[in-house]
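Residue-level structural notes
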2 protein chains.
Amino acid sequence: MKKVVKFGGSSLASAEQFKKVGAIIHADKDRRYVVPSAPGKRFSQDTKVTDMLYQCYELAVKEKLFTEALAAIKARYDEIIQGLNLDLSLEAEFKIIEEEFRAKAGSDYAASRGEYLNGIIMANYLGYEFIDAKDVIFFDEHGIFEADLTDKVLSATLESIERAVIPGFYGSMADGTIKTFSRGGSDITGSIVAKAVKAGLYENWTDVSGFLVADPRIISNPEVISTITYKELRELSYMGATVLHEDAIFPVRKEGIPINIRNTGAPEDPGTMIVKHTASKPEYTITGIAGKKGFVAINIEKDMMNSEIGFGRKVLEVFEENGISFEHVPSGIDTLTVFVHQDEFIEKEQRVLAGIDHATSPDSIDLAGDLALIAVVGRGMRETRGTAGRIFSALAHANVNVKMIDQGSSELNIIIGVSNNDFEAAIKAVYDIFVLSKL
Amino acid sequence: MKKVVKFGGSSLASAEQFKKVGAIIHADKDRRYVVPSAPGKRFSQDTKVTDMLYQCYELAVKEKLFTEALAAIKARYDEIIQGLNLDLSLEAEFKIIEEEFRAKAGSDYAASRGEYLNGIIMANYLGYEFIDAKDVIFFDEHGIFEADLTDKVLSATLESIERAVIPGFYGSMADGTIKTFSRGGSDITGSIVAKAVKAGLYENWTDVSGFLVADPRIISNPEVISTITYKELRELSYMGATVLHEDAIFPVRKEGIPINIRNTGAPEDPGTMIVKHTASKPEYTITGIAGKKGFVAINIEKDMMNSEIGFGRKVLEVFEENGISFEHVPSGIDTLTVFVHQDEFIEKEQRVLAGIDHATSPDSIDLAGDLALIAVVGRGMRETRGTAGRIFSALAHANVNVKMIDQGSSELNIIIGVSNNDFEAAIKAVYDIFVLSKL
């Protein structure tokens, strides 16, 4: 089985971390394709190399002196090289980078050098072949990732290479310009490589022992999710839970390649398996809880609305015309509520309200702001009777006023609206009832 | 205070019933404007006069002999007249009706004679003035009720008349053609009269002691709702609970005139007050439960749907183009479920599915049929924490699988989707927990 292993910035911040990573890779001969990030923070006040590169390039663009800033970056890499006792010099590379900065090669180019250089070190350290991502990962002239072309070139390239390091985060456009994914994009590179080599597993090594049931800023020491489906993960990610870059799911999802989130600092932990399907019974009824603050509910009332064909469509069209995407549209009899992001809505508020008024002549429109949405997600909820009852009893117990409930027929999640102020209490209550009390 | 009193068909089916009605009217001198229905059933196998009229007119239209059928109708009225010892003959009236039937005056004309004749008897019996509804209630050339014209003429007419009987159910178009409301439309006439005379109360006398918390075919001897708001009533009516014609709410609602549902057979019962607003604390947390069977859920999944502006609008547009109104649109992350009436959907199913496919290119579309929707309605739910928790715990306890939950920000109702087979059990469970156990 081929495994693709991606390591995050904190896993590669220092020589010491590199050694841990090396040990992990050598512990399993299937770990044949390695995707490194740029060096992250060595300690909490430290600066990530990617940020140093952006800052340095900014100086270059403003035609200010940037040699010192660039030397500081080089020092970071040299520290790693020396700590690993490698026979490697990045002098020539930094010469080129300095020239390109002077020629204003672009901030994507600048940022990408973090992964590029780390990839060179990693390949040297492991004795793996180095493959520049610009030669195998492609973007079109609008900067849109070209999945098919990339897959073709990448799989052909790697077919003949037993073991390789492919730096994460970037690729190139047809004219050779370097283009990056959005921040955290090394996750995507790993996923693309996994797809291209038809990997049996995509290991994503980071600084936590997996995907957590709830946000650790709200729940102290939350449990780790042992197995989660792509679908559940997408739902939790959408609602704010982050470990993996959202777009990293799609390439492997199509192929059904599982992703294993692992902790470089605790390689003995099994981490979280992200899979397409699973018959494995989840440990708790719910798989995870996530949420976001900052929503507005626009509540529209009109007598006989329920008998008016096209009413809902007309309302949604007003939001669409104003470029606002809606989150949920719970409805009663003759009432329709539209949940949208407060920051998207606020500046267009009056235009939207006037538009709804004009399009539908409602009896009344009410606004309620400062709302939060919480998604309680879990494939186990379908099989377990009474999940909704337990959730809402727990929320009542915690004095949380439920403003909105939305559960479609997938029965994979329940979306709950509460006031921003009740957000943390609501998440705690749901966590407690299902995870601590194991109900 | 002026009161408008409307009596249903069963309250006026016989001379004995007329006497009860007379006693009720005379017991309160404010009961100045009376709106009678046509005579209903005297016993369960009996035929309503309105149905006799439709059947008789059908014979006339087919140019078959209908004199015997008409004589049977006359006999119904004569029985009442004799029972009341009135000095009144309907000979001349029936002569005109016979001629009009022969001239094929329309089935609306035919049906309206039930109320018309009952109104004449009622006016004679009470010593009130008789006002033919055709002279005060108007429809336009498309048969649409003309609210403003009616209100103007009716209020002007009744200003100078202390006490009057106005037969329910019908009015006339500009050319004099008789036009009826839909079946049960005497409720609407009563509401229109109440509005025109600025009544303090609209009493609607029927054969039940008020609006029931739940359907008596499902719950034996359900409690009577003492006070319900127009809004709650509309919600329960929409979901299938019937006592009052749905359109009867609108004329009085605008004026804030309360409706009192009363029982002719038990005039001492206070019945149900239907009001615009009330500070009265409801006896139970919920005001009522109602529901309907026969829905289909169309569940649409697409990756990144939540980030696609216009997705929901496109889906609803397909239903609109096919003339199908949706009931609810619960959504998760990247899933959208549309609930529609099964009978409306079934014949257009393939066209709708193809339309959704074409408009939105979803990853998958699932259908789930034979679903029921239940509305748990109550202004008390807003103040009571944990209502949702109790509902869903009760449903779990009753082994009911909850397929959908929809609660908007009005917090006046929760809509629950269950399978048709669980419909009765779900209603029982909710009734038990809130009404029997008074939780």
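Residue positions are counted from 1 within each chain, in the order its sequence is given. Whichever chain is written first is A, and whichever ligand is written first is 1; the rest continue in order. Local features in this predicted model are restricted to residues whose pLDDT is 70 or higher, and side-chain atom pairs enter the listing and the counts only when it is 80 or higher, whereas totals over whole chains, interfaces and linings include all residues. Only hydrogens and water are set aside when side-chain values are computed; all heavy atoms of the structure are taken into account.

1. Quick notes on the overall build of chain A
Defined as follows: The numbering of helices and of strands both runs from the N terminus, where a helix is a DSSP run of H or I of at least 4 residues and a strand a run of E of at least 2. Values of the radius of gyration come from C-alpha atoms, whereas the globule rule sets the reference at 2.2 Å times the count of residues to the power 0.38. Buried, partly exposed and exposed residues are distinguished by accessible area as a fraction of the type maximum, computed with a 1.4 Å probe on protein chains only: under 20%, between the cut-offs, and over 50%, respectively. By definition in these notes, contact holds between two residues if any of their heavy atoms fall within 4.5 Å. Values of accessible area rely on a 1.4 Å probe in the Shrake-Rupley scheme; residue burial ignores everything except the protein chains shown. Under this rule, positive means Lys or Arg and negative means Asp or Glu; His and the chain ends count for nothing. For this purpose, a charge sits on NZ of Lys, CZ of Arg, CG of Asp or CD of Glu.
A count of helices and strands for chain A gives 14 helices and 17 strands. For chain A, whose C-alpha radius of gyration is 25 Å, the value lies close to the compact-globule estimate of 22 Å for 439 residues. Its C-alpha atoms give chain A principal-axis dimensions of roughly 75 × 50 × 40 Å. Looking at chain A residue by residue over its 439 residues, the buried ones come to 59%. A sequence separation of at least 24 residues applies to 74% of the contacts in chain A between residues at least 6 apart. Counting only carbon and sulfur atoms, one obtains 48% of the accessible surface of chain A, whose full area is about 17400 Å². Distance between charge centroids for chain A: 4 Å, based on 48 positive and 64 negative side chains.

2. Examining the packing of helix α10 (residues 311-321) of chain B against helix α12 (residues 349-360) of chain B
Residues and elements named next belong to chain B. Spelled out, the test is: Axis lines are fitted to C-alpha atoms, over the contacting stretch for helices. Their N-to-C directions set the angle, which ranges from 0 to 180 degrees. Put simply, angles under 35 degrees are roughly parallel, angles over 145 are roughly antiparallel, angles from 65 to 115 are roughly perpendicular, and the rest are oblique. What makes a crossing left-handed is the near helix being turned counterclockwise from the far one by less than a right angle; a clockwise turn instead makes it right-handed. Ten residue types, Ala, Val, Leu, Ile, Met, Phe, Trp, Tyr, Cys and Pro, are classed as nonpolar, four, Asp, Glu, Lys and Arg, as charged, and the remainder, Gly among them, as polar.
Taken N-terminus to C-terminus, the directions of α10 and α12 make an angle of 150°; their axes are 9 Å apart at the nearest point. When the axes of α10 and α12 are compared, the pair comes out roughly antiparallel. You can see that α10 and α12 cross each other, and the crossing is right-handed. Here α10 contributes Phe-311, Lys-314, Val-315, Val-318 and Phe-319 to the contact with α12, which in turn contributes Val-352, Gly-355, Ile-356, Ala-359 and Thr-360. Each residue belonging to the contact of α10 with α12 can be placed in one class, and the counts come to seven nonpolar, two polar and one charged.

3. As for the relation of the copies chain B and chain A
Which entries qualify depends on this criterion: Alignment of the copies relies on least squares applied to C-alpha atoms, considering only residues that score at least 70 for pLDDT in both.
When chain B is fitted to chain A, the residual RMSD is 0.1 Å, and the transformation amounts to a turn of 180° plus an axial shift of 0.1 Å. Expressed as an axis order, the relation between the two copies is that of a two-fold axis. Comparing interface residues between copies, 100% of those in chain B also sit at the interface in chain A, which points to an isologous, same-surface contact.

4. Quick word on the interface of chain B and chain A
Put simply, the rule is: Buried surface area refers to the total accessible area, computed with a probe of radius 1.4 Å, that the two partners give up upon joining, counted for both partners together. When a carboxyl oxygen of Asp or Glu is within 4 Å of a side-chain nitrogen of Lys or Arg, the pair counts as a salt bridge. Identification of polar contacts relies on pairs of N or O atoms within 3.5 Å, with a donor-acceptor requirement for protein atoms, meaning one able to donate a hydrogen and the other able to accept it, and with residues adjacent in sequence counted only if both atoms are side-chain atoms.
The interface is formed by 62 residues belonging to chain B together with 62 residues belonging to chain A. Summed over both sides, the interface between chain B and chain A buries roughly 5200 Å², with carbon and sulfur atoms accounting for 52% of that surface. Counting every contact that joins chain B to chain A gives eight salt bridges. Measuring nitrogen to oxygen at the nearest pair gives 3.0 Å for the salt bridge that ties Asp-303 of chain B to Arg-253 of chain A. There are 20 residue pairs in polar contact (both at pLDDT 80 or more) connecting chain B and chain A. In terms of residue count, the dominant contributor to the side of chain B that touches chain A is helix α13 (residues 387-397) of chain B (seven residues). Among the residues making up the side of chain B that touches chain A, the classes are represented as 21 nonpolar, 23 polar and 18 charged.

5. Section: the pairing of strand β10 (residues 259-263) of chain A
Residues and elements named next belong to chain A. Selection rule: The criterion for strand pairing is that DSSP finds at least two bridges linking the strands in question.
Burial runs high along β10: five of the five residues are buried. Across the two faces of β10 the burial is the same, with Ile-259, Ile-261 and Asn-263 and Asn-260 and Arg-262 all buried. Two strands pair when backbone bridges link them, and strand β8 (residues 201-206) and β10 are joined in this way by five bridges, in the parallel orientation. Bridging across to β10, Tyr-202 finds its partner in Ile-259.

6. Quick word on α13 of chain B
With respect to burial, α13 of chain B is a largely interior element, eight of its 11 residues being buried. Inspection of α13 of chain B places Thr-387, Ala-388, Gly-389, Ile-391, Phe-392, Ala-394, Leu-395 and Ala-396 of chain B among the buried residues, and these make up the whole buried set. Of the surrounding secondary structure, the elements contacted by the buried residues of α13 of chain B are α13 (387-397) and β16 (404-407) of chain A together with β15 (364-377), β16 (404-407), β17 (413-419) and α14 (423-436) of chain B. One or two steps after α13 of chain B, the chain reaches Asn-399 of chain B, where phi turns positive at roughly 65°.

7. Quick word on unusual backbone geometry
Within the chain, Asp-334 of chain A stands out as a residue other than glycine whose phi angle is a positive 65°. Along the chain, the position of Asp-334 of chain A falls in the loop between β13 (326-328) and β14 (335-341). Backbone geometry at Lys-198 of chain B places phi at a positive 50°, although glycine is not the residue there. As for its position among the elements, Lys-198 of chain B is in the loop between α7 (186-196) and β8 (201-206). We classify Lys-198 of chain B as exposed; its relative accessible area is 65%.

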